[in-house]
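# Chains, contacts and geometry: an overview
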Amino acid sequence: MKAGSRTGTAAAIVGALALSVFSAPTAQAADTGITVSSVVINGGRPIVVGTSDVKTPPVTFRVALPSGYNTADPFPWHAEPFLYHDTTAARGADNGGLYMESYTCYEESTRAARCEGELRIDPRYGLDANGDATTWKIGVIARLFTSSGGLKAEEYATLSGGVQVKRWAKATVNASPEPVAKGRTLTVTGSLKRADWVKHAYTGYGSQSVKLQFRKKGTSVYSTVKTVTAGSTGALKTSVTASADGYWRWTFGGTSTTGTATSSADFVDVL
């Protein structure tokens, strides 16, 4: 590798996830002597995936090579983290593992490099079950090659910890009547939905606590007026007393499987 540039591209990209904070300890690939450490995925934030947009969360990690190998040569070695949720890293690599799309390694010494790149998550092809909204395991694949390009050694290892994948959520709002007389009843409706990775559509997310918030015209801060439980289909509805011009919205704090959501604001003129 010339100082500052080695790029590797995974042969297959499948799977899906949402990530929580992860900074892994060192994992030693015993059959190769390669060490992968300091793995950080998506900057320590959950990965939240919708129904169509491709997600490319960033990944950083470090690689240390065994004696006889050096970072200046891009061919005799290969190492990278990946995500899986099978029983072992080796099985996970063949059954829905999620690999780096590409990465670049920057030489720190003759046998150590700092690497950065990104995963690729395409919900139209990689996610096939809503149960994929869970904590994924972090694996490492390491390979050594002969001078002629043949595979010399290969190792799959598992790092401690895990990475979450979450389903994207959406909220809508409508306040009526508009305008409304001061002191009269204002009805605020809306819906809470989340990504369905089987139907590849947004479907109702029922029985969840959602906050109704209000921001008075001329101010910049929203305050919570009340908390409402969404109906079985994700429908939201409540009534309030109109007191001042301002903006109404719904906000959802998320769950272990689903991301947060805040609707756009609906302005109501109070006469």
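None of the values given here were measured: they were computed from a predicted structure.

### Quick word on the state of the cysteines
Under the defined criterion, the tally for this structure stands at 1 disulfide. There is a disulfide in this structure between Cys105 and Cys115, and the S-S distance comes to 2.0 Å. Disulfide Cys105-Cys115: torsion about the S-S bond near 100°, hence right-handed. Of the two residues, Cys105 is situated in strand 7 (residues 100–109) and Cys115 in strand 8 (residues 112–119); the sequence distance between them amounts to 10 residues.

### Section: the side chain of Arg215
Residue position: Arg215 is located in strand 14 (residues 209–216). There is a polar contact of 2.7 Å between the side chain of Arg215 and the backbone oxygen of Thr219. Beyond its immediate chain neighbours, meaning those up to four positions away, Arg215 contacts Ser220, Val221, Tyr222, Gly246 and Tyr247.

### Some words on the packing of aromatic side chains
Tallied over the entire structure, the rule returns 7 aromatic pairs. Summarising the aromatic geometry, the rings of Phe82 and Tyr156 are spaced 6.3 Å apart at their centres and angled 90° between planes, so their arrangement reads as edge-to-face. Separated by 74 residues along the polypeptide, Phe82 in strand 6 (residues 77–84) and Tyr156 in strand 10 (residues 151–167) bring together distant segments of the chain. The class for Phe82 is buried, based on a relative accessible area of 1%. Centroid distance Tyr205 to Phe252: 5.8 Å. Interplanar angle 85°. Geometry classified as edge-to-face. Placement of the pair is Tyr205 in the loop between strand 13 (201–204) and strand 14 and Phe252 in strand 17 (residues 246–252), with a sequence separation of 47 residues. When its relative accessible area of 9% is taken as the criterion, Tyr205 is described as buried. Through pairs of rings, three or more aromatic residues link up here, namely Phe82, Tyr84, Tyr99 and Tyr156. The residue whose ring lies beneath Arg194 is Tyr205, and the NZ or CZ to ring-centre distance is 3.7 Å.

### A word on the nonpolar core
Ranked by internal contacts, the top residues of the largest apolar core, which has 35 residues, are Ile34, Val36, Ile41, Phe61, Val63 and Leu83. Tallying contributions element by element places strand 9 (residues 135–145) first for this core, with 5 residues. Val173, Val180, Leu186 and Leu192 belong to the second-largest nonpolar core, a separate cluster that totals 23 residues.

### Concerning the pairing of strand 14
Pairing of strand 14 with strand 15 (residues 223–229), which is carried by 6 bridges, proceeds in the antiparallel orientation. Paired with Gln213 across the two strands is Thr224, which belongs to strand 15. Counted between consecutive antiparallel strands, the loop separating strand 14 from strand 15 contains 6 residues, among which Gly218 sits at a positive phi close to 90°. Note that strand 14 and strand 17 share 6 bridges and pair antiparallel. Note that in strand 17 the partner of Phe214 across the bridge is Trp248.

### A word on the pattern of salt bridges
All chains considered together, the criterion is met by 6 salt bridges. For Arg124, the salt bridge is made with Asp122, and the minimal N-O distance between the two is 3.2 Å. With a relative accessible area of 10%, Asp122 lands in the buried category. Here Glu154 makes a salt bridge to Arg143, at a shortest N to O gap of 2.6 Å. Linking Glu154 in strand 10 with Arg143 in strand 9, this pair joins segments that are 11 residues apart in sequence. A network of salt bridges, in which partner residues are shared, links Glu101, Arg120, Asp122 and Arg124.

### Quick notes on the confidence of the model for the protein
Regions with low pLDDT carry predicted coordinates that are not meant to be interpreted in detail. The predicted model of the protein has a mean per-residue pLDDT of 86, with 86% of residues at 70 or higher. Every residue in residues 1–25 scores below 50 in pLDDT, and together they form 110 contacts with partners more than four places removed in sequence or on other chains.

### Concerning the environment of Pro57
Assignment of secondary structure puts Pro57 in the loop between strand 4 (47–49) and strand 5 (58–64). For the pair Pro57 and Ile41, spaced 16 residues apart in sequence, the C-alpha to C-alpha distance is 6.9 Å. Apart from residues no more than four positions distant in its own chain, Pro57 is found in contact with Asn42, Ile47, Gly117, Glu118, Leu119 and Ile121.

Cut-offs and rules
Residues numbered from 1 in each chain as written. Predicted model: local features only at pLDDT ≥ 70, side-chain atom pairs only at ≥ 80, totals over all residues. Heavy atoms only, no water. Disulfide = S-S within 2.5 Å. Helix = DSSP H or I, 4+ residues; strand = E, 2+ residues; numbered from the N terminus. Polar contact = N/O pair within 3.5 Å; in protein donor to acceptor, adjacent residues only side chain to side chain. Contact = heavy atoms within 4.5 Å. Phe/Tyr/Trp six-rings, centres within 6.5 Å; stacked < 30°, edge-to-face > 60°. Buried < 20%, exposed > 50% of the residue type's maximum accessible area, 1.4 Å probe, protein only. Lys NZ or Arg CZ within 6 Å of the ring centre and 35° of its normal. Core = buried A, V, L, I, M, F, W, Y, C linked by side-chain atoms within 4.5 Å. Pairing = 2+ DSSP bridges. Salt bridge = Lys/Arg side-chain N within 4 Å of Asp/Glu carboxyl O. pLDDT = per-residue confidence, 0-100.

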